[in-house]
Amino acid sequence: MNFTITKVQLFLMLFFRSTGIIFIGYPETIILAGGRDAWIIFFVGSLIVFFQLWIYEKLYKYFDLGKFTAWIYIFIWIIVLIGSIIYMQYNLNIWVQQNTPHTISLVLMLLISFYISVSRPSTIINLPVFIIPFIFIFIIYLLFSIPELSLNHLFPIGTSTGGQWMKGTMVAMAAFTGLEGYLVLRKYVLPEDKISFKDILTFQLSITLFIGFLVIVTKMYFATDALPYVTEPILYILKSIEVTFVKRLDIFFFFLWLGWSIISFGLIVFNIRIVYFKQKRKHKIWPMAVLHLIVFIGSVGIINIQVMEFIRNHFHYFYIPTTFILPFIIMLFNRRRKSKCAEL
């Protein structure tokens, strides 16, 4: 695949890849995992991820996937795609179309993704730009909930147990899942577009402030004991906000989230496309068609609350092996191998 991107495009894709799909339900997950100190735990986890990204920038040249490791990542990404489409469809059934067969909306979403996947790389690279204005609109309307927020829900601090801190930190880091895409895409950044420590800090601050804002608003809006009984707390908060120009604010932002999620879904497919076609394969359309067929077969028929609870309670376990352990093993192995070759 022949394409180049700027560092701004790289960070935009990473932002939407990480925040898409999960952000309406993530605050509930981190709060239930971390307890009363969850909002502090989130910022600690974000700091860890910042240093991880900084190390990525130092070692990205050594992230060369062989055939075996490439297929490991493709398999993992397919599992993530199936989980993502199930989550999107489940929320679509709950909030919008209770009586519509879910296979219809599944096919429609996968057709959109398929079209993006066989288009030029510039299509998916530029799509996140269209969502940027809605981020600010989304934040502004959440601010309307300020009269209902209680500062007392954030305190006292220091009451979470060691187990809550451990699990909460894992969930906090999982908010940035998909950052292995940095290693996949970094080599396509224009050579003259140098990425500095400040660039990485700016990106990490932007994504941290966005997700941290959602966590704090959710924490201040709901009593901790009531949160397990709420489905997608961010949408619930928007539903409770009354405005004169639209009857259901939550539905408006639900479809915003759905479009955001489809872009995030497409970015995962884009990673698969880059890794798969690195071998200069001849056929481009059929592999993408097979990929989407696998996702459809893997997701149809298993969209229910039990599956959703399993995904919600275990999604953070994907972060450590796919975004932390495996990339560092690959980079350190390749660095050592190249050092030995240089000595010879």
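For the structure, see preceding data.
Residues numbered from 1 in each chain as written. Predicted model: local features only at pLDDT ≥ 70, side-chain atom pairs only at ≥ 80, totals over all residues. Heavy atoms only, no water.

### A word on the overall build of the protein
- Along its length, the protein carries 15 helices and zero strands.
- For 344 residues, the compact-globule estimate of 2.2 N^0.38 gives 20 Å, and the protein sits close to it at 20 Å.
- Counting only C-alpha atoms, the protein reaches 65 × 45 × 35 Å along its principal axes.
- Put simply, the protein has 344 residues, and 52% of those count as buried.
- Summed over its atoms, the accessible surface of the protein is roughly 16600 Å², and 69% of this surface lies on carbon and sulfur atoms.
- In the protein, 28 positive and 15 negative side-chain charges are present, and the distance between their average locations comes to 14 Å. (Helix = DSSP H or I, 4+ residues; strand = E, 2+ residues; numbered from the N terminus. Rg over C-alpha atoms; globule rule 2.2 N^0.38 Å. Buried < 20%, exposed > 50% of the residue type's maximum accessible area, 1.4 Å probe, protein only. Areas by Shrake-Rupley, 256 points an atom, 1.4 Å probe, with all protein chains shown as cover. Lys, Arg positive; Asp, Glu negative; His and termini not counted. Charge placed at Lys NZ, Arg CZ, Asp CG, Glu CD.)

### A look at a nonpolar patch on the surface
- On the surface, Leu-47, Phe-51, Trp-54, Ile-55, Phe-197, Leu-201, Leu-205 and Leu-209 cluster together into a nonpolar patch covering about 730 Å² of accessible area.
- Of all the elements in the fold, those that place two or more residues in the nonpolar patch are α3 (38–59) and α10 (197–221).
- Take Ile-55: it is sitting in helix α3.
- Here Ile-55 falls in the partly exposed class, since its relative accessible area comes to 33%. (Patch = residues over 30% accessible without salt bridge, like charges linked within 9 Å, V, L, I, M, F, W, Y side chains within 5 Å. Salt bridge = Lys/Arg side-chain N within 4 Å of Asp/Glu carboxyl O.)

### Description of the packing of helix α7 (residues 132–142) against helix α12 (residues 249–276)
- α12 packs onto α7 with a crossing angle of 145° between their chain directions and a minimal axis gap of 12 Å. For the pair α7 and α12, the sense of crossing is left-handed. Each of Phe-134, Ile-135, Ile-137, Phe-138 and Tyr-141 in α7 lies in contact with α12, whose residues at this interface are Leu-249, Phe-252, Phe-253, Leu-256 and Trp-260.
- The residue inventory of the contact of α7 with α12, partitioned by class, reads 10 nonpolar, no polar and no charged. (Axes fitted to C-alpha atoms, helices over the stretch in contact; angles between N-to-C directions. Left-handed = near helix turned anticlockwise from the far one by under 90°. Contact = heavy atoms within 4.5 Å. Nonpolar A, V, L, I, M, F, W, Y, C, P; charged D, E, K, R; others polar.)

### So, unusual backbone geometry
- The omega torsion across Phe-155 and Pro-156 is 0°, close enough to zero to call that bond cis.
- Positive phi values are uncommon outside glycine, yet Ile-21 reaches one of about 75°.
- Positionally, Ile-21 belongs in the loop between α1 (7–19) and α2 (26–34).
- Residue Ile-21 is classed as buried on the basis of its relative accessible area of 5%.

### Things to note about empty space enclosed by the protein
- In the structure shown here, the tally under the stated rule is three cavities of 30 Å³ or more.
- For the largest cavity, the calculated volume is near 60 Å³.
- Lining the largest cavity are Met-13, Leu-14, Arg-17, Gly-178, Gly-181, Leu-185, Leu-267, Ile-268, Phe-270 and Asn-271.
- Those elements that place two or more of their residues in the lining of the largest cavity are α1, α9 (180–185) and α12.
- Counting residues per element, the lining of the largest cavity draws most heavily on α12, which supplies four residues.
- Partitioning the lining of the largest cavity into residue classes produces six nonpolar, three polar and one charged. (1 Å grid on protein atoms, 1.4 Å probe; cavity = no way out; pocket = protein on both sides within 12 Å on 5 of 7 lines; lining within 4 Å. Points joined across faces, edges and corners; volume = space filled by probe spheres on them.)

Limitation: the analysis is restricted to geometry and does not speak to function.
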